[in-house]
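Here is what each chain is made of, one letter per residue.
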Amino acid sequence: EAQVTQNPRYLITVTGKKLTVTCSQNMNHEYMSWYRQDPGLGLRQIYYSMNVEVTDKGDVPEGYKVSRKEKRNFPLILESPSPNQTSLYFCASSLSDRGNSPLHFGNGTRLTVT
Amino acid sequence: QQQVKQSPQSLIVQKGGISIINCAYENTAFDYFPWYQQFPGKGPALLIAIRPDVSEKKEGRFTISFNKSAKQFSLHIMDSQPGDSATYFCAVTNYGGSQGNLIFGKGTKLSVKP
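Note that the coordinates shown come from a computational prediction; the quantities given were computed from them, not determined experimentally. (Residues numbered from 1 in each chain as written. Chains lettered and ligands numbered in written order. Predicted model: local features only at pLDDT ≥ 70, side-chain atom pairs only at ≥ 80, totals over all residues. Heavy atoms only, no water.)

Focus: the pattern of salt bridges
Residues and elements named next belong to chain A. Summed over the entire model, instances satisfying the criterion amount to eight salt bridges over all chains. Taking the shortest distance from any N to any O, the salt bridge between Asp38 and Arg44 comes out at 2.9 Å. Judged by its relative accessible area of 11%, Asp38 falls in the buried class. Judged by relative accessible area, which is 24%, Arg44 ranks as partly exposed. (Salt bridge = Lys/Arg side-chain N within 4 Å of Asp/Glu carboxyl O. Buried < 20%, exposed > 50% of the residue type's maximum accessible area, 1.4 Å probe, protein only.)

See the structure below:
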């Protein structure tokens, strides 16, 4: 089944403890991205990648890191999480990096930082 | 500056009624306007999209109306059903441009009452 898989689905951690949220797609998609969803703020892009070894900042990149060493994987790294990073995170991928290419989203990772 | 304004934030409609969600954008360079649908516990999924060379696009009970001069577009859900209860996001981007330029509205939570 074609899908974007995020892990874990739920994560509770403490301030300052490094964590990684994994994202993998099995559709051979070129483009991958990370979004956070907060009530009243909608979906905001954190980072995106147009291809292997190519990443770029989105609208809210502060406090996050990403890497794209393989085409299928695009992990999101929080080096020193803070409570304001408590949010619902979505990974997405699309066949190409063109604007008309539909985004396919994972089912989300709910992160709580205490 | 908010690039795309979506309203209302929430909407309650009776079964069989018409649901209408509106979006307005600022930048006339945008030329691709997708709508995404998100069910609880799931990631968003592309529902329908329109380009400004047409004023309306219909897919089943879902219709996008587009007003280029007013820089507005709307999603109409005819004969709304309880299964349509979800959060809807409009988005703006460039058809042939980078997927990284995709900007989402803040979302509308639709509840269809039986």
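Brief notes about the side chain of Thr13 of chain A
Mapped onto the secondary structure, Thr13 of chain A falls in strand β2 (residues 10-13). Overall, Thr13 of chain A belongs to the buried group, its relative accessible area being 8%. (Helix = DSSP H or I, 4+ residues; strand = E, 2+ residues; numbered from the N terminus.)

Overview of the sheet that holds strand β6 (residues 56-59) of chain B
Pairing between the strands of a sheet is mediated by backbone hydrogen bonds and can be parallel or antiparallel. Residue and element names in this part refer to chain B. Strand order in the open sheet made by the five strands is β1-β3-β8-β7-β6, with antiparallel pairing throughout. Of all strands in the sheet, those bounded by a partner on one side alone are β1 (4-7) and β6. Going from strand to strand, the sheet's axes swing by 15 degrees on average, the running direction of each strand aside. The pairing of β6 with strand β7 (residues 62-67) spans four bridges and is classified as antiparallel. The residue of β7 that forms the bridge with Lys57 is Ile64. (Pairing = 2+ DSSP bridges. Axes fitted to C-alpha atoms, helices over the stretch in contact; angles between N-to-C directions.)

So, the interface of chain A and chain B
On the chain B side, the residues contacting the 24 residues of chain A number 22 residues. Contact between chain A and chain B buries roughly 1,800 Å² in total, counting both sides, with carbon and sulfur atoms accounting for 50%. When the buried surface of chain A facing chain B is broken down by residue, Leu43, Gly99 and Asn100 of chain A rank first, second and third, together holding 28% of it. Scanning the region where chain A abuts chain B turns up zero salt bridges. Inspection of the region where chain A meets chain B yields 15 residue pairs in polar contact (both at pLDDT 80 or more). When contributions to the side of chain A that touches chain B are tallied by element, the ones reaching two or more residues are β4 (31-38), β5 (42-51) and β9 (87-94) of chain A. If one sorts the elements of the side of chain A that touches chain B by residue count, β5 of chain A sits on top with five residues. Residues that form the side of chain A that touches chain B fall into these classes: ten nonpolar, eleven polar and three charged. (Contact = heavy atoms within 4.5 Å. Buried area = accessible area lost by both parts, 1.4 Å probe. Polar contact = N/O pair within 3.5 Å; in protein donor to acceptor, adjacent residues only side chain to side chain. Nonpolar A, V, L, I, M, F, W, Y, C, P; charged D, E, K, R; others polar.)

Considering the packing of aromatic side chains
By the definition in use, this model includes 17 aromatic pairs over all chains. The interplanar angle of 85 degrees and the centroid separation of 6.3 Å between the aromatic rings of Phe90 of chain A and Phe105 of chain A together place this pair among those described as edge-to-face. Pair noted here: Phe90 of chain A is in strand β9 and Phe105 of chain A is in strand β10 (residues 104-105), with a separation of 15 residues, a long-range link. Comparing Phe90 of chain A with Phe105 of chain A, the two get one shared label, buried. A ring pair is formed by Phe66 of chain B and Phe73 of chain B, whose centres lie 6.5 Å apart and whose planes are at 35 degrees; its orientation type is tilted. Phe73 of chain B gets classed as buried once you look at its relative accessible area, which sits at 0%. What links up through ring pairs into an aromatic cluster is the set Tyr35, Phe90 and Phe105 of chain A together with Tyr36, Phe89 and Phe104 of chain B. Sitting above the plane of the Tyr95 of chain B ring, Arg51 of chain B keeps its charged end 3.6 Å from the centroid. (Phe/Tyr/Trp six-rings, centres within 6.5 Å; stacked < 30°, edge-to-face > 60°. Lys NZ or Arg CZ within 6 Å of the ring centre and 35° of its normal.)

Examining the sheet that holds strand β8 (residues 76-78) of chain A
Pairing in this open sheet of four strands is antiparallel, and the strands run β1-β3-β8-β7 (chain A) from one edge to the other. Strands at the two margins of the open sheet, each flanked by one partner only, are β1 (4-7) and β7 (65-66) of chain A.

Quick look at the state of the cysteines
Residue and element names in this part refer to chain A. What the rule picks out here adds up to two disulfides over all chains. Cys23 shares a disulfide with Cys91; S-S distance 1.9 Å. Between Cys23 and Cys91 the disulfide shows an S-S torsion of about -75 degrees. By sign, it is left-handed. Taken together, the residues span a long stretch of sequence, with Cys23 in strand β3 (residues 19-25) and Cys91 in strand β9 at a distance of 68 residues. Accessibility assignment for this pair places Cys23 and Cys91 in one class, buried. (Disulfide = S-S within 2.5 Å.)

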